[in-house]
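Fold and contact review
Residues per chain, in single letters:
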Amino acid sequence: MTLLISIYRSQRTYFTQIVRAYSTENNGLPNIGTTQKVDPNMKHYRKIKLSGYNVNYIKIGHGPHAVFCYPGLLGAMRTHLSELIANFANHTDTYTFYSWDQPGYGQSRPPKRNFNDESLQEDADISLQLLKILGHEKYSILGWSGGALSALLFATQNQEIIRKLIVWGVFAYVDKEDADKFEWFKNSKNWRGKMQHVLVEEYGSEFVNENWSQWMEIMKRIYTHHEGELCTQSLHKIQCPTYIIHGAQDLIVQEKHPQYLHKNIKNSELLIMEKGKHNLQLKYPNEFFSAVHNFLQAPHSKDL
């Protein structure tokens, strides 16, 4: 436990140093009154009021290719995306990278958020407000795990501002087998490990246990009350170049889900990382970023 916390603190310190090096006083953002700095020791973060939430977000770089990335469930940028952000920080002339702590997570608190069956869609809606304020004509949208579901929902509704889409570790739907898995994962004792320690360090055990259990119930309810529907009925609306990445050893998301997305998103490519598990961006950060970077830079017929 002590060693894991020490590793996490070292990662967080490194991440802070990386992003701080690429911060500027105004961060290139419009002066809209509701945007303000938070802790003076974290000049790379910004806060903005959106839909009643104090949303914490970050900007890295000044390149022509704007990118926005959703972390996963319960995740803050520094717990789920530290390595990815560090890699984007090495390409500041190529990308302008944004991410956030979804409302209710990380430093996008208070207020406390009551999560429900529509929260993934709410994240997509609130992020649209943010992207409009940031002011780029088009964005490439990235998302991991639960955040990838919001990315998919966003893509089905906002094709006009999407350049490319990349998702990984994502469910396409919820069937009986998935629902049974969520029931098993509902007990936090069944998923003890490094990520749980990191989340407890971030939030405290009470918050993690309560919110994780709540999300497992929500995902089970998708199966029992919504016929397992997450985004399958709208996938045909996604026309942008789409990259679906999956870890072959992912114990949470089975390969049937990325295969389904690949089959039903017309302009998509599928990458299976044979040694990868669920947290590809953390376990194999350089290999993962290389795949992401190559896809973002590759010419595509519908990359307008």
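All values reported here derive from a predicted model rather than from experimental measurement.

Our next topic: the overall build of the protein chain. Counting its regular elements, the protein chain contains 11 helices and nine strands. Taken over 304 residues, the protein chain has a buried fraction of 55%. Within the protein chain, counting contacts between residues at least 6 apart in sequence, those at least 24 apart form 75% of the total. Looking at the protein chain as shown, the accessible area adds up to about 13,200 Å², and 49% of this sits on carbon and sulfur atoms.

For any two helices packed against each other, one specifies the crossing angle of their axes together with the interaxial distance. The interhelical angle for the contact between helix α6 (residues 176-185) and helix α8 (residues 205-225), taken along N-to-C directions, is 165°, at an axis separation of 9 Å. Looking at the two axes, α6 sits roughly antiparallel to α8. For the pair α6 and α8, the crossing hand works out as left-handed. Across from Lys-176, Ala-179, Phe-182, Glu-183 and Phe-185 in α6, the residues of α8 making contact are Trp-212, Met-216, Glu-217, Met-219, Lys-220 and Tyr-223.

On to the layout of surface pockets. Within this model, the second largest pocket holds a volume of roughly 260 Å³. Along the wall of the second largest pocket there are 14 residues; nearest its centre are Asp-117, Glu-118, Leu-153, Glu-229 and Leu-230. Looking at the lining of the second largest pocket element by element, the count peaks at four residues for α8. Taken together, the residues of the lining of the second largest pocket break down into nine nonpolar, two polar and three charged.

Turning our eyes to something else, we now look at the pairing of strand β7 (residues 162-168). Counting buried positions along β7 yields six of seven residues, so the element is predominantly enclosed. In terms of strand pairing, strand β6 (residues 139-144) meets β7 through five bridges, oriented parallel. Note that in β7 the partner of Leu-142 across the bridge is Ile-166. For the handedness criterion, the β-α-β arrangement of β6, helix α5 (residues 146-157) and β7 is classed as right-handed. Sheet topology note: the β7/strand β8 (residues 242-247) ladder contains four bridges and is parallel. In the strand pairing of β8, Leu-165 is matched with Thr-242.

Before going further, it helps to examine the packing of helix α7 (residues 194-203) against α8. The geometry of α7 relative to α8 is characterised by a closest axis approach of 7 Å and an angle of 115° between their N-to-C directions. Contacts from Leu-199, Val-200 and Tyr-203 in α7 reach Ser-205, Phe-207 and Val-208 in α8. Of the residues belonging to the contact of α7 with α8, the class tally is five nonpolar, one polar and no charged.

So, about the nonpolar core. Among the nonpolar cores identified, the biggest contains 63 residues, and Ile-141, Leu-152, Phe-154, Leu-165 and Trp-215 are the most heavily contacted of them. The biggest single contributor to this core is α8, with eight residues. If you look at the next biggest cluster of nonpolar residues, it comprises 27 residues, including Tyr-45, Phe-88, Ala-89 and Tyr-95.

The full count for this structure, using the stated rule, is 14 aromatic pairs. Ring centres 6.1 Å apart and planes at 80° place the aromatic pair Tyr-70 and Trp-100 in the edge-to-face group. One end of the pair, Tyr-70, is in strand β4 (residues 65-70); the other, Trp-100, is in strand β5 (residues 95-101), with 30 residues separating them in the sequence. Residue class for Trp-100 comes out buried when judged on its relative accessible area of 0%. Pairwise contacts between aromatic rings join Phe-88, Tyr-95, Phe-97 and Phe-289 into one cluster. Directly above the aromatic system of Phe-207 lies the positively charged group of Arg-109, at a separation of 4.9 Å from the ring centroid.

Turning to its location among the elements, Val-67 is positioned in strand β4. Accessibility expressed as a relative area gives 0% for Val-67, which makes it buried. Setting aside its immediate chain neighbours within four residues, Val-67 contacts Phe-88, Tyr-95, Thr-96, Phe-97, Tyr-98, Ser-140, Leu-142 and Leu-296.

What counts and how
- Residues numbered from 1 in each chain as written.
- Predicted model: local features only at pLDDT ≥ 70, side-chain atom pairs only at ≥ 80, totals over all residues.
- Heavy atoms only, no water.
- Helix = DSSP H or I, 4+ residues; strand = E, 2+ residues; numbered from the N terminus.
- Buried < 20%, exposed > 50% of the residue type's maximum accessible area, 1.4 Å probe, protein only.
- Contact = heavy atoms within 4.5 Å.
- Areas by Shrake-Rupley, 256 points an atom, 1.4 Å probe, with all protein chains shown as cover.
- Axes fitted to C-alpha atoms, helices over the stretch in contact; angles between N-to-C directions.
- Parallel < 35°, antiparallel > 145°, perpendicular 65-115°, else oblique.
- Left-handed = near helix turned anticlockwise from the far one by under 90°.
- 1 Å grid on protein atoms, 1.4 Å probe; cavity = no way out; pocket = protein on both sides within 12 Å on 5 of 7 lines; lining within 4 Å.
- Points joined across faces, edges and corners; volume = space filled by probe spheres on them.
- Nonpolar A, V, L, I, M, F, W, Y, C, P; charged D, E, K, R; others polar.
- Pairing = 2+ DSSP bridges.
- Right-handed = clockwise from strand over helix to strand, strands pointing away.
- Core = buried A, V, L, I, M, F, W, Y, C linked by side-chain atoms within 4.5 Å.
- Phe/Tyr/Trp six-rings, centres within 6.5 Å; stacked < 30°, edge-to-face > 60°.
- Lys NZ or Arg CZ within 6 Å of the ring centre and 35° of its normal.

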